[in-house]
Amino acid sequence: MSQFSTVGHEELETSRGTIRFRRHGDGPGPAVVFLQGFLAGPDVWSEVIDGLAGSHRCVTVDWPFGAHRGPMRADADLSPPGLAELVVEVLDGLDERRAVLVGNDSGGVVAQLVAAARPERVAALALVACDAFETFPPGAYRLLFRLAAVPGFVRLMAAAMNVPAFAASRLGFGAVIERDPGSVRHWAAPLAADPGVRRDIAKLMTGSSRTQTLAAARTFGGFDRPVLVVWADRDRLFPRSLGRRLAAAFPDGRLEVVEGSGTFVPHDRPERLAELLGTFLAGQDR
């Protein structure tokens, strides 16, 4: 999987700082904007994009989720609701009235919050193995996110994630990836190198609360656009029952389960995810 580089990317100035993004493809219909998971880089979508960009306008963004290449402004609100506002600001900057949002893991939370607060900006929603309802953050990550408020903790976490054996283990990327978790260790490099990136991810971690996802869920019954929920059969964070519940919460929601994948489905089974998204998106282009 290729790493996110500066070649071919564009920059957008926002109220929270500079956002780097890439456009892929030039198909009809609304743009498809991808939101990756916690500590994941935009290259997690690379192989998914390969299967979609021939017929769709796709946008990947270096969101400030911990693997981003440049820190945001020191005063930026990077809590999940703040990040949802940032998504809308990016859509404004791209001159996109509406977009299909595809979110995985924590990116799925942000997509839910956008759909709840600004449904008119969301043409359709694809939620891929993500937090929802009272499961945010999930399981042991609740303690991890609280510890981000302890001085020096995020720096310690960054150092650990840059140790190959730790990064590949169930304490690192192995918790969310089945296929070669050691191959994504580059995602942790900005966290170790840049105190501004560590400051940013601490804001996300300490600003996360199940009250946000529960409040968003109360709006799902009124969201009348198509929703695809994709779950992973080997997910260690999110049980399949959560995916069923999430799909059932939307009037036009449906669930698909991907075999042989952990939480980061775009990494583990990109070809299957691209197939599911392609079918889903074809319905939005008509």
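Refer to the preceding data block for the structure.
Here the structure is a predicted model, which is why all the values come from computation and not from measurement.

Scoring rules and cut-offs
For every chain, the first residue of the written sequence is number 1, and numbering continues from 1 along that sequence. Totals for whole chains, interfaces and linings use every residue, but because this is a predicted model, local features are given only for residues with pLDDT of at least 70 and side-chain atom pairs only at 80 or more, for both listing and counting. Only hydrogens and water are set aside; all other atoms, that is, all heavy atoms of the structure, feed into the side-chain values. Strands here are runs of E lasting at least two residues and helices are runs of H or I lasting at least four, both read from the DSSP assignment and numbered beginning at the N terminus. Given a helix with a known number of residues, its expected span is that number minus one, times 1.5 Å. For every residue, the accessible area obtained with a 1.4 Å probe (protein chains only) is divided by the maximum for its type, and the residue is called buried under 20%, exposed over 50%, and partly exposed between those limits. The method works on a 1 Å grid over the protein atoms by themselves. A cavity is a set of points holding a 1.4 Å probe that cannot get out, a pocket is an open set with protein on both sides within 12 Å along at least five of seven lines, and residues with an atom within 4 Å of a point line them. Grid points are joined across faces, edges and corners, and a volume is the space filled by probe spheres set on the points. Note on pairing: DSSP must find at least two bridges between two strands before they are called paired. The handedness rule is simple: strands pointing away from the viewer, and a clockwise path from the first strand over the helix to the second, make the crossover right-handed. Where helices are involved, their axes are fitted lines through C-alpha atoms of the stretch in contact, as for all axes, and angles between N-to-C directions lie from 0 to 180°. Here a residue-residue contact requires only that any non-hydrogen atoms of the pair lie within 4.5 Å.

This brings us to helix H2 (residues 80-93). With 14 residues, H2 should reach 20 Å at 1.5 Å per residue; the first-to-last C-alpha distance of 20 Å fits that figure. Buried within H2 we find Pro-80, Gly-82, Leu-83, Ala-84, Leu-86, Val-87, Val-88, Val-90 and Leu-91.

With that settled, the discussion passes to the layout of surface pockets. Roughly 500 Å³ of volume is contained in the largest pocket. What lines the largest pocket is a set of 27 residues, and nearest its centre among them are Tyr-141, Leu-144, Leu-171, Gly-172 and Ala-175. Counting only elements with at least two residues in the lining of the largest pocket, the list comes to helix H4 (141-147) and helix H5 (153-161). Per-element accounting of the lining of the largest pocket gives the leading share, 4 residues, to H5.

Let us now look at the pairing of strand S6 (residues 122-128). A regular strand carries its side chains on alternate faces of the sheet. Most of S6 is tucked away, with 7 of its 7 residues classed as buried. Bridging between strand S5 (residues 99-104) and S6 involves 6 bridges; their strand directions are parallel. Along S6, the bridge assignment pairs Gly-103 with Leu-127. Handedness of the crossover is the feature at issue here: the chain leaves S5, passes through helix H3 (residues 106-117), returns alongside S6, and the resulting connection is right-handed. With 4 bridges connecting them, S6 and strand S7 (residues 227-232) associate as parallel partners.

What follows deals with the sheet that holds strand S3 (residues 31-35). Paired through backbone hydrogen bonds, the strands of a sheet run either parallel or antiparallel to each other. Pairing is mixed in the open sheet, where 8 strands are placed in the order S1-S2-S4-S3-S5-S6-S7-S8. Single-partner strands in this sheet number two, and they are strand S1 (10-14) and strand S8 (253-258). Neighbour to neighbour, the strand axes of the sheet diverge by 25° on average, direction disregarded. As defined by bridge partners, S1 adjoins strand S2 (residues 17-24) across 5 bridges and the pair is classed as antiparallel. By the bridge assignment, Leu-12 is partnered in S2 with Ile-19. On top of the sheet, H2 reaches S1, S2, S3 and S5; it is set at about 120° to S1, its chief contact.

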